Amino acid sequence: MDQIEIKRARPEHPVHELVATRFSPRAFLQDDVAAGDLRSLLAAASWAASAGNGQPWRFALGVRPHAAWEALADLLDEGNQAWARSAPVLGIAIAQVVRKERALATGPYDLGQAMAMLSLEATSRGLHVHQMAGFDHERARGALAIPEDFAPLAAFAIGHVGPSSALPDDLRARELAPRARRPLAETVFEGAFGTAAAWL
């Protein structure tokens, strides 16, 4: 698809094709995601690394046209609803943040690893994932009966990339804009924070 080629990353150094072609589209086809593919995405997430193998991630999913999908769509900010309602699968990523009555600082970190695994598995199957911070966290807690030792941290959409022409003008421009990242020399330090690694 043109959209996938347009959004391919151009990193400074060679990376695996799955990394280069993973991106977060806003345009999704109405096509269903096969149940087997969805199960494999979640299996990939479950095999992420986690501190002490604690597996502090949970996922609330909704598949269109079921009521759970509509409930999740309703939790999204208005700006995200403008495009995410085209995605056939919506979810909320939830992290355990308290364990044995102590704060679990690694819970959100490990959830991020699980979502990265899920996203790469999706890319390998011709699917894409768009993660979102923009949703009502408190309403999500109530609507999904999330216990106090867990926290909803991100919403996400899963589906096949659709034509950017289906998006409003402002979102289409963002969809077609080239991808960019900060240079590694400004990200990877050797010794003190801010000191670029010489071997870069």
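We now turn to the structure provided with this report. (Residues numbered from 1 in each chain as written. Predicted model: local features only at pLDDT ≥ 70, side-chain atom pairs only at ≥ 80, totals over all residues. Heavy atoms only, no water.)

Next up on the list: the overall build of the protein chain. Looking only at helices and strands, the protein chain has eight helices and six strands in total. In the protein chain, the order of α-helices and β-strands from amino to carboxyl end is α-α-α-β-α-α-β-β-β-α-β-α-β-α. Here the protein chain has a C-alpha radius of gyration of 18 Å; the compact-globule value for 200 residues is 16 Å, and the two agree. With the C-alpha coordinates of the protein chain rotated into their principal frame, the extents come out at 55 × 50 × 30 Å. A burial count over the protein chain gives 40% of its 200 residues as buried. Relative to all contacts within the protein chain whose residues are 6 or more apart in sequence, the contacts with residues 24 or more apart total 70%. When the accessible area of the protein chain is evaluated, it comes to approximately 11,000 Å², of which 56% is carbon and sulfur surface. (Helix = DSSP H or I, 4+ residues; strand = E, 2+ residues; numbered from the N terminus. Rg over C-alpha atoms; globule rule 2.2 N^0.38 Å. Buried < 20%, exposed > 50% of the residue type's maximum accessible area, 1.4 Å probe, protein only. Contact = heavy atoms within 4.5 Å. Areas by Shrake-Rupley, 256 points an atom, 1.4 Å probe, with all protein chains shown as cover.)

Right, let's talk about the packing of aromatic side chains for a bit. In the structure shown here, the tally under the stated rule is three aromatic pairs. A centroid spacing of 6.4 Å and a plane angle of 25° characterise the contact between Phe28 and Trp83, whose relative ring orientation is stacked. With Phe28 in the loop between α2 (17-21) and α3 (35-46) and Trp83 in helix α5 (residues 78-84), this pair connects stretches of sequence that are 55 residues apart. Summarising the burial analysis for this pair, Phe28 and Trp83 share the class buried. Above the ring of Trp69, the side-chain terminus of Arg64 is found at 5.5 Å from the ring centroid. (Phe/Tyr/Trp six-rings, centres within 6.5 Å; stacked < 30°, edge-to-face > 60°. Lys NZ or Arg CZ within 6 Å of the ring centre and 35° of its normal.)

This next bit is on the pairing of strand β6 (residues 150-159). Among the 10 residues in β6, nine count as buried, and that is most of the element. As judged from the eight bridges shared by strand β2 (residues 89-96) and β6, these two strands associate in the antiparallel manner. Of the residues in β6, the one forming a bridge with Ala95 is Ala151. As defined by bridge partners, strand β5 (residues 128-132) adjoins β6 across five bridges and the pair is classed as antiparallel. (Pairing = 2+ DSSP bridges.)

Next up on the list: the sheet that holds β2. The four strands are arranged β1-β2-β6-β5 in an open sheet whose pairing can be described as antiparallel. If you trace the sheet from one side to the other, it starts and ends with β1 (57-63) and β5, each paired once. Across the sheet, the mean angle separating the axes of adjacent strands is 25° when strand polarity is ignored. In the packing of α3 onto the sheet, the strands contacted are β1, β2 and β6, and the crossing angle to β1 comes to about 170°. (Axes fitted to C-alpha atoms, helices over the stretch in contact; angles between N-to-C directions.)

What follows covers the environment of Ser40. With respect to the element layout, Ser40 can be found in helix α3. For Ser40, a relative accessible area of 22% corresponds to the partly exposed category. Along the backbone, Ser40 and Ala157 are 117 residues apart, and their C-alpha atoms lie at a distance of 16 Å. The residues contacting Ser40, other than those within four sequence positions of it, are Glu121 and Arg125. Polar contacts involving the side chain of Ser40 include one to the side chain of Arg125, which spans 3.1 Å. (Polar contact = N/O pair within 3.5 Å; in protein donor to acceptor, adjacent residues only side chain to side chain.)

By secondary structure assignment, the location of Gln96 is in strand β2. Classification of Gln96 by relative accessible area gives buried; the value is 10%. For Gln96, the side chain forms a polar contact with the main-chain oxygen of Val98, separated by 3.2 Å. For Gln96, the residues in contact, after removing those within four places along its chain, are Pro56, Leu104, Gly107, Pro108, Asp149 and Phe150.

The terminal C-alpha atoms of helix α6 (residues 106-124) lie 27 Å apart, and with 19 residues this matches the ideal 27 Å at 1.5 Å per residue to within 8%. The set of residues buried in α6 consists of Gly107, Asp110, Leu111, Ala114, Met115, Leu118, Ser119, Ala122 and Thr123. Each element contacted by the buried residues of α6 is listed here: α2, α3, β1, β2, β5 and β6. (Expected span 1.5 Å × (residues − 1).)

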